[in-house]
Amino acid sequence: MINSIPAGSIYFGGTDPGRGVPTAFCKSSIDGDPFFTLTQNALADGTYLEYLRAMYGGKIYTPTGEDSQRCFQEYMTGAMSRLHENKLKPERT
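Because the structure is predicted, anything quoted here is derived from the model rather than measured.

Rules used in this analysis
Residues numbered from 1 in each chain as written. Predicted model: local features only at pLDDT ≥ 70, side-chain atom pairs only at ≥ 80, totals over all residues. Heavy atoms only, no water. Buried < 20%, exposed > 50% of the residue type's maximum accessible area, 1.4 Å probe, protein only. Helix = DSSP H or I, 4+ residues; strand = E, 2+ residues; numbered from the N terminus. Arc of directions from axis to C-beta. Contact = heavy atoms within 4.5 Å. Polar contact = N/O pair within 3.5 Å; in protein donor to acceptor, adjacent residues only side chain to side chain. Phe/Tyr/Trp six-rings, centres within 6.5 Å; stacked < 30°, edge-to-face > 60°. Core = buried A, V, L, I, M, F, W, Y, C linked by side-chain atoms within 4.5 Å. Salt bridge = Lys/Arg side-chain N within 4 Å of Asp/Glu carboxyl O.

**Student:** Mind laying out helix α2 (residues 46-56), listing which residues take part and the relevant values?
**Tutor:** Among the residues of α2, Y48, L49, L52, M55 and Y56 are the ones counted as buried. Down the axis of α2, the buried set is contained in an arc of 130 degrees. They therefore lie on one face. Exposed and oriented more than 90 degrees from the buried face of α2 are T47, E50 and A54. Turning to α2, the residues buried within the fold contact β2 (36-38) and α3 (65-84). Near the N-terminus of α2, the side chain that reaches the backbone nitrogen of T47, with its oxygen 2.9 Å away, is that of D45. With its phi angle positive at about 60 degrees, G57 sits one or two positions after the end of α2.

**Student:** If you had to explain the environment of M1 to someone new, which residues and values would you point to?
**Tutor:** Structurally, M1 is set in the segment before β1 (10-12). For the pair formed by M1 and I30, sequence separation is 29 residues and the distance between their alpha carbons is 20 Å.

**Student:** Tell me what's going on with the packing of aromatic side chains, and back it up with residues and numbers.
**Tutor:** The description of an aromatic ring pair rests on the distance of the ring centres and on the angle between the ring planes. For the coordinates displayed, the defined rule picks out four aromatic pairs. On the basis of an interplanar angle of 35 degrees and a centroid distance of 6.4 Å, the ring pair of F72 and Y75 is categorised as tilted. A residue pair is termed a helical-turn pair when its members lie 3 or 4 positions apart in one helix, as F72 and Y75 do in helix α3 at three residues. The pair formed by F72 and Y75 is uniform in burial state, with each residue classed as exposed.

**Student:** Explain the nonpolar core to me, and be specific about the residues and the numbers.
**Tutor:** One finds F36, L38, A42, Y48, L52, M55, Y56 and I60 forming the largest nonpolar core, which totals eight residues. Listed by contribution, the elements that provide at least two residues to this core are β2 and α2. Ranked by the residues each element gives to this core, the list is headed by α2, at four residues. Counting residues in hydrophobic clusters, the runner-up holds five residues, among them I5, Y11, C26 and F35.

**Student:** So what's going on with the pattern of salt bridges? Which residues, and what values?
**Tutor:** For the coordinates displayed, the defined rule picks out four salt bridges. The closest approach of N and O atoms between R70 and D67, which form a salt bridge, is 3.3 Å. Within this pair, R70 and its partner D67 are both found in helix α3, separated by three residues, close to a single helical turn. When the shortest N-O distance is used, the salt bridge between E85 and K87 registers 3.4 Å.

**Student:** Just give me the short version of unusual backbone geometry, but keep the residues and values in it.
**Tutor:** Cis rather than trans, the peptide bond between D33 and P34 has omega equal to 10 degrees. Mapped onto the elements of the fold, P34 is located in the loop between α1 (16-24) and β2. Even without being a glycine, N86 presents a positive backbone phi close to 55 degrees. Topologically, N86 is positioned in the segment after α3. Under the relative-accessibility criterion, N86 is labelled exposed at 72%.

Spatial relationships are all this shows, so hold off on functional conclusions.
In structure tokens:
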């Protein structure tokens, strides 16, 4: 699997276990060698974004806290619009 990811890419593992093996077999996680590893599940967490900026420095772009807040606000605005237009799918149990 590691060899199928192009060098310099960003690998998104959805969960901690999903990124554990690729991270363990990287030559250097900090240098992104051969690729950078992130978990998209934590991208809404400001602390995780700070961690990524500290770990990778300027090597990759990571969203700022303002970016995260703006995206969440855009999502909420769209969700509220869909709610008022009865375009949300009902919750399944």
